[in-house]
Amino acid sequence: MTAEKVSLTGEKQTLLITLYGKGEESRLPDSILHDRFAAAAIDRIDYDFSRMNVTRDIMIALALRAHILDRWTRAFLAFHPGCTVLHLGCGLDSRVFRVDPPPGVRWFDVDYPEVIDLRRRLYPAREDYRLIGTSLTESGWLESVPGDHPALILAEGVTPYLPAHATLPLLDRLTAHFPGGELAFDAYSRLGLRIIRKQPFVRATGAQLHWSVEDPHTIETAIPRLKLMQDLHAYSPEGYDPRQIVRMTKATRAAIWLFQVIPALGKVGRLLRFRF
């Protein structure tokens, strides 16, 4: 089988971080994600993943985040048969295959055209599954998505890279397009963005981060149709299984303990879930 060469730059290149983290975590004997699709995709890509310096702790952290979003996705599908899933900045994430939505669910994966082309070479087609190649901030692409059913809108590792002035208008347009549903994404405070910028795996890509969230209720104020359902702070016991935290190194476990006892640190990263 011919290896797929990758020539992505900037924020597009960060998809290789999440792919590698999820795929390699899934090779571990105590994996929580079991993402065989990501592991297989890694094997087919001609790229030096070692330059990303993705540690075991980062692999586990990425798998934990994906596992929670998968759980929210399955819960939404269980209550909304025949719904639409809009996966923004999908990269090479294999959520549609991990979750395996039932017949009648329309699933749209959206990312830059060159990313979508790579997805087509790595992953199979499936019923009621469409790929849209576009920048999220481009106008017009949403018109190709039917707006007649409740929708789950997902964005994982995406919003920090969006232009700050364009992010809330984008979320407003997306949620106005559907009669109702849920919106879920990860967000970071200004301190959180500073921490991420210093990480070797992000610095290796040259990606720029822009949009931060200090208080998710400001999003409700900006877009009144949104109502906050869940706000999971970084590694909070409410959302993150403590048995998974034990898998990490002592240094990381100590940092997580600080996140839990110092509120300001706990807010550096969060998973947000809104109803609209």
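Note that the structure is a prediction, hence the values are computed from the model and not measured. Here the residue numbers are simple positions, counted from 1 along each chain's written sequence. This being a predicted model, a pLDDT of at least 70 is required before a residue's local features are given, and a value of 80 or more before pairs of side-chain atoms are given or counted; all residues contribute to the totals for chains, interfaces and linings. The side-chain figures draw on all heavy atoms in the structure; neither hydrogens nor water molecules are used.

Novice: With reference to specific residues and values, describe unusual backbone geometry.
Specialist: Of all residues except glycine, most have a negative phi; of all peptide bonds, most are trans. Look at H34: it is not a glycine, yet its phi comes out positive at around 50 degrees. Here H34 shows up in the loop between α1 (10-25) and α2 (36-44). Strands here mean DSSP runs of E at least two residues long; helices mean DSSP runs of H or I at least four residues long; both are numbered from the N terminus.

Novice: How would you sum up the packing of α1 against α2? Please name residues and give values.
Specialist: Running from N to C, α1 and α2 point in directions that differ by 115 degrees, and their axes come no closer than 7 Å. For the pair α1 and α2, the sense of crossing is left-handed. Here α1 contributes L19, Y20, K22, G23 and E24 to the contact with α2, which in turn contributes A38, A39, A41 and I42. Note on residue classes: Ala, Val, Leu, Ile, Met, Phe, Trp, Tyr, Cys and Pro are nonpolar, Asp, Glu, Lys and Arg are charged, and everything else, Gly too, is polar. Here the residues of the contact of α1 with α2 are counted per class, giving six nonpolar, one polar and two charged. To get an axis, a line is fitted to the C-alpha atoms, and for a helix only the part in contact is used. The angle between two axes follows their N-to-C directions and goes from 0 to 180 degrees. For any pair of crossing helices, the crossing counts as left-handed if the nearer helix is rotated counterclockwise from the farther one by less than a right angle, and right-handed if it is rotated clockwise. In what follows, residue pairs with any heavy atoms lying within 4.5 Å of each other are defined as contacts.

Novice: Describe in detail the sheet that holds strand β5 (residues 129-133), supporting the description with residues and values.
Specialist: Read across the open sheet, the seven strands follow the order β5-β4-β3-β6-β7-β9-β8; overall the sheet is mixed. Since the sheet does not close on itself, it has two edges, and those belong to β5 and β8 (227-233), each with one partner. Recorded for the sheet is a direction-independent mean angle of 15 degrees between the axes of neighbouring strands. Pairing of strand β6 (residues 151-155) with strand β7 (residues 181-188), which is carried by five bridges, proceeds in the parallel orientation. Pairing between strands is defined by DSSP: at least two bridges between the two strands are required.

Novice: Explain the environment of E127 to me, and be specific about the residues and the numbers.
Specialist: In this structure, E127 sits in the loop between α5 (113-122) and β5. Working definition: with a 1.4 Å probe on protein chains only, accessible area under 20% of the residue-type maximum means buried, over 50% means exposed, and in between means partly exposed. For E127, a relative accessible area of 67% translates into the label exposed. Sequence spacing of E127 and R270 is 143 residues, and the spatial spacing of their C-alpha atoms is 33 Å.

Novice: Residues and numbers for the pattern of salt bridges, please.
Specialist: Only one rule defines a salt bridge in this text: a Lys or Arg side-chain nitrogen within 4 Å of an Asp or Glu carboxyl oxygen. Tallied over the full model, the rule gives 28 salt bridges. In this structure, R27 and D43 form a salt bridge, with 3.0 Å as the shortest nitrogen-oxygen distance. Separated by 16 residues along the polypeptide, R27 in the loop between α1 and α2 and D43 in helix α2 bring together distant segments of the chain. By relative accessible area, which is 40% here, R27 ends up partly exposed.

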